[in-house]
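Here are the chains, one letter per residue:
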Amino acid sequence: MTNQELEVAATKYAELCKITLNLKTPLGKGQDGCVWKSSRKTAVKAFERPFSYDTELECYQRFKDNRVIRIQGFSVPQLFGFSDDLLIIEMSIVAPPYILDFAKAWLDNPPDFSAEALADHAEKSRELFGERWRDVASLAWALREFGIYYYDTNPGNIRFGDD
Ligand SMILES: Nc1ncnc2c1ncn2[C@@H]1O[C@H](COP(=O)(O)OP(=O)(O)OP(=O)(O)O)[C@@H](O)[C@H]1O
Ligand SMILES: [Mg+2]
C-alpha cells in the first residue's frame, strides 16, 4: 500500500466522522502505517496490513474494557474510533511518558522465541534505553496481565518524557 492509499483511507474515515486531518505534517510514519492529527485533537492511524490493524485494535479494546489509561506511569492511547473497512484506528494523542504502537504485539500466547533471540532482544533494549531498560522490561511485563506480549521496545514507541 502506498502512502497515498493510506492517506485516501484516512481521509475517507475523516469525512465519515466529519473531521479533518493535518495531512501536511503527520505525527509519525512507520512500518505499519501513518498517523495524522485530527481537528478533534485525536491521532488517526492508517494501517497497511489487516493483521497489524487487528492486533493493535484488540490491544486498545482490552485497555478500554479494563479502564486502563496508564500502565506503570506510562500513558496509553485511548480508543476513540475505528473502521474495519478502512483499517483505521482513531485514538487519543498521548504526551510522554507513554507507550504506543501495539501493531507488532503478540496476543494471549508469547512468541516462540529462542533463548538466543530473547537474549538479543534484552541486549538491544539495554543499548537503546541505557539504565532505563529495567523500567521498559517492567512495563512490558505489566502488559502481560492483559495477554499482551510486547517486544517492539524502541524509543519511538516508549518515551519517558525527559529524554
Ligand atoms: N496516539 C499518539 N499520540 C502521540 N503520538 C503518536 C500517537 N500515535 C503515533 N504517534 C507518533 O507517531 C509515531 C508512529 O506511530 P506508530 O509507532 O504507531 O506507527 P508505526 O507505523 O507502527 O511505526 P513503526 O512501525 O515504525 O514502529 C510514533 O512513534 C509517535 O511519535
Ligand atoms: Mg512505532
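What counts as what
- All residue numbers refer to position in the chain's written sequence, counted from 1.
- For this description, chains carry letters from A and ligands carry numbers from 1, given in the order in which they are written.
- Owing to the predicted nature of the model, reporting of local features is limited to residues with pLDDT of at least 70; listing and counting of side-chain atom pairs is limited to 80 or more, with chain, interface and lining totals taken over all residues.
- In computing side-chain values, all of the structure's heavy atoms are included and hydrogens and water are not.
- Buried, partly exposed and exposed residues are distinguished by accessible area as a fraction of the type maximum, computed with a 1.4 Å probe on protein chains only: under 20%, between the cut-offs, and over 50%, respectively.
- Only DSSP runs of H or I covering at least 4 residues are called helices, and only runs of E covering at least 2 are called strands; the numbering of each starts at the N terminus.
- Two strands are counted as paired when DSSP detects at least two bridges linking them.
- Put simply, a residue is near a molecule or strand once any heavy atom of it comes within 4 Å of that molecule or strand.
- Any N or O atom pair separated by 3.5 Å or less is treated as a polar contact, with the protein-specific requirement of one donor-capable and one acceptor-capable atom, and with residues adjacent in sequence counted only for side-chain atom pairs.
- All accessibility values rest on the Shrake-Rupley procedure with a 1.4 Å probe; residue burial counts only the protein chains present in the view.
- Coordinating donors are taken as N, O and S atoms within 2.8 Å of the metal, stretched to 3.2 Å for Na, K and Ca; because water is absent from the atoms, sites can appear incomplete.

**Considerations on the pairing of strand 3 (residues 42-47)**
Within strand 3, six of the six residues are buried, which leaves it mostly tucked inside the rest of the structure. Burial along strand 3 is two-sided: Thr42, Val44 and Ala46 facing one way and Ala43, Lys45 and Phe47 facing the other are all buried. Between strand 2 (residues 33-37) and the antiparallel strand that follows it, strand 3, lie four residues; Lys41 among them carries a positive phi value of about 60°. The pairing of strand 3 with strand 7 (residues 88-92) spans five bridges and is classified as antiparallel. The residue of strand 7 that forms the bridge with Lys45 is Ile89.

**So, the site of ligand 1**
In the vicinity of ligand 1 lie 20 residues, with Gln31, Lys45, Ser92, Asp101 and Gly156 positioned nearest. One nitrogen or oxygen atom from the main chain of Leu27 is found 3.4 Å from an oxygen atom belonging to ligand 1. Lys45 is positioned with one of its side-chain polar atoms (N or O) 2.7 Å from an oxygen atom of ligand 1. Across the complex, the protein chains shield 84% of the 620 Å² of accessible surface that ligand 1 would expose by itself. Contributions of two or more residues to the shell around ligand 1 are made by strand 2, strand 3 and strand 7.

**Things to note about the coordination of the magnesium ion (ligand 2)**
Protein coordination at the magnesium ion (ligand 2) comes from Asp101 (OD) and Asn157 (OD1), with a distance range of 2.2 Å. With Asp101 in the loop between strand 8 (98-99) and strand 9 (106-107) and Asn157 in the loop between strand 10 (148-149) and strand 11 (158-159), the pair connects residues that are 56 residues apart, well separated along the chain. Exposure remark for Asn157: the relative accessible area of 6% places this residue in the buried category.

Nothing here speaks to function; it is geometry throughout.
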